[in-house]
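Chain residues, written in single-letter form:
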Amino acid sequence: MNLDHIRYFQAIAYYEHYGRAAQALHVSQPNLNYAVTQLENELGVPLFEKHGRGVQLTRYGRLFLQSVNESLRILDAGTRDLQEMGRGGGLVLLGGIRKLAAQTVPDLMQKFLATSGNEHTRFELHTESSFTADLLQAVAKERLDMAFVSHPGDDTVFENVAFARSPFVVVTPPNHPLAQKNSVTLRETLSYPFVYFSKRGGLRRPIDALFQKIGATPKIAYETEEDTVVAGMAAAGFGIAIVPDHPVLRCMDLKIIPLTDPDPGRTAYLCRKRGALQPAAAQRFFAFCQAQLSQGASL
C-alpha cells in the first residue's frame, strides 16, 4: 500500500468510473486497476463492485473510504502547514490566562498580522486552562509555542519576557468602612477579613508578595480562583479583596480604592521554551511581542 494507491482509490470512489478517474488523475486506467488490485489483496476484501458501466463501493470500500478521507485530510493539512512555514508563515500556538487572552493577546496578534510579511500567519489561542502552571507545562511539552502568564517559568527551562500590567486595587462593598477612603495602604486592610485567591490561582503569589513586603498576614475568610468571582464575593459582603484593576469591576456594586503602599504595580510574562524548534512565524511573533511589550505600557 502506498500513497499513490490510496489517492487512486479515493478518486475512483468519487467518480465511480475508472476511465473518468484516470482522466482526472492523468494516469492510465491499467495503473488504477493495478492499484486497486494491490489494495484489495493487502486488505483481503473487495473495495469495488461493477455497477452498469462504472463501479460502486462495497460496504468494505465505504468503511475504507472514511479512513482514507480523514488520513489524507490530516496529511494534506500538515503538508500545507510545512509549506507555509517554509514561506515564513504557518500556525502559531498560543496560550494565555483569560485576562490577557481577552484583550492584550488579540491586540498583539492584530498588530502582528498588519505588519508586512506576516499576512499568512495563523494563530490558535488556547485558554482552556487559564492557570499559569498548566500553561507553562503545555509550553514545556511543546504543545504551545508560547504563553502569556502571570508569573515566570524556571529560567533554565523558559525564556521569560516581563511586561507591566494594570495595578492591584482594593475592592469593598459600598458600605464598608474603607469605602470612605480615596486611597488605602495595605496595613490599613489588615483588620478586615479577605476574600483571597486560592493557591492554585496565578494571582495568589503576587498578592502574597505584597503582604510579605510589610511583614504581615491577611485574615483570609474565603478562597477561590477566579478574579471576577473574588470581586463578586467582595461585592456580596464576604470580605474585602485585592484584585487587578479592570473595567469589569465598574459593573459591580463595589468601591474601588487605589492601593498606595506597597507599590501595587504588577508584572505579567510571555514565556517560551528554550531551544524548542519553532516555525519562523512563531519566532517572529515572539520577537515582535518582545519589542511591543518592552515599551512599558500597562496592559
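Here, the structure is the one placed above.
Residues numbered from 1 in each chain as written. Predicted model: local features only at pLDDT ≥ 70, side-chain atom pairs only at ≥ 80, totals over all residues. Heavy atoms only, no water.

The subject of this paragraph is the pattern of salt bridges. Any two side chains of opposite charge can pair, on the condition that their charged atoms come close. Counted under the stated rule, the structure contains 11 salt bridges. Here glutamate 159 makes a salt bridge to arginine 272, at a shortest N to O gap of 3.0 Å. Of the two residues, glutamate 159 sits in strand S6 (residues 158-165) while arginine 272 sits in strand S13 (residues 266-273), which places them 113 residues apart along the sequence. Between glutamate 188 and lysine 181 there is a salt bridge, with the nearest N and O atoms lying 3.0 Å from each other. (Salt bridge = Lys/Arg side-chain N within 4 Å of Asp/Glu carboxyl O. Helix = DSSP H or I, 4+ residues; strand = E, 2+ residues; numbered from the N terminus.)

Val92, Leu94, Met146, Phe148, Leu270 and Phe285 are the most contacted members of the largest nonpolar core, which totals 32 residues. Mapped by element, the contributors of at least two residues to this core are strand S3 (90-96), helix H6 (104-113), helix H7 (132-140), strand S5 (146-149), S6, S13 and helix H10 (280-293). Ranked by residues supplied to this core, first place goes to H10 with seven residues. If we ignore the near neighbours within four places in the chain, the residues touching valine 92 are Thr121, Arg122, Phe123, Glu124, Asp145, Met146, Ala281, Ala282 and Phe285. If you look at the next biggest cluster of nonpolar residues, it comprises 30 residues, including Ile214, Ile240, Val243 and Ile257. (Core = buried A, V, L, I, M, F, W, Y, C linked by side-chain atoms within 4.5 Å. Buried < 20%, exposed > 50% of the residue type's maximum accessible area, 1.4 Å probe, protein only. Contact = heavy atoms within 4.5 Å.)

What follows covers the packing of H6 against H10. For the pair H6 and H10, the least separation of the axes is 10 Å and the interaxial angle reads 115°. The pairing of H6 with H10 is recorded here as roughly perpendicular in orientation. In the crossing of H6 with H10, the sense of the turn from one axis to the other is right-handed. Only Ala281, Arg284, Phe285, Phe288, Cys289, Gln292 and Leu293 of H10 make contact with H6, whose side of the interface consists of Leu108, Met109, Lys111 and Phe112. Partitioning the contact of H6 with H10 into residue classes produces eight nonpolar, one polar and two charged. (Axes fitted to C-alpha atoms, helices over the stretch in contact; angles between N-to-C directions. Parallel < 35°, antiparallel > 145°, perpendicular 65-115°, else oblique. Left-handed = near helix turned anticlockwise from the far one by under 90°. Nonpolar A, V, L, I, M, F, W, Y, C, P; charged D, E, K, R; others polar.)

Two descriptors summarise a pair of aromatic rings, namely the distance from one centre to the other and the angle between the planes of the rings. Counted by the stated rule, this structure contains 12 aromatic pairs. Measuring from ring centre to ring centre gives 6.3 Å for phenylalanine 194 and tyrosine 196, while their planes differ by 90°; the resulting arrangement is edge-to-face. Residue class for phenylalanine 194 comes out buried when judged on its relative accessible area of 0%. Both rings, one in tyrosine 222 and one in phenylalanine 238, keep their centres 5.2 Å apart while their planes meet at 80°; by these two values the pair is edge-to-face. (Phe/Tyr/Trp six-rings, centres within 6.5 Å; stacked < 30°, edge-to-face > 60°.)

The mixed open sheet is built from four strands, whose spatial order is S8-S12-S7-S11. At either end of the open sheet lies a strand with only one pairing partner, and these are strand S8 (184-185) and strand S11 (241-244). Where S8 lies against strand S12 (residues 255-261), two bridges are found, and the strand directions are parallel. Residue pairing in the sheet places threonine 185 in a bridge with aspartate 261 of S12. Packed onto the sheet, helix H8 (residues 204-213) meets strand S7 (168-172), S11 and S12 and runs at close to 90° relative to S7. Against the sheet, helix H9 (residues 227-235) contacts S7 and S11, and its axis sits at roughly 140° relative to S11. (Pairing = 2+ DSSP bridges.)

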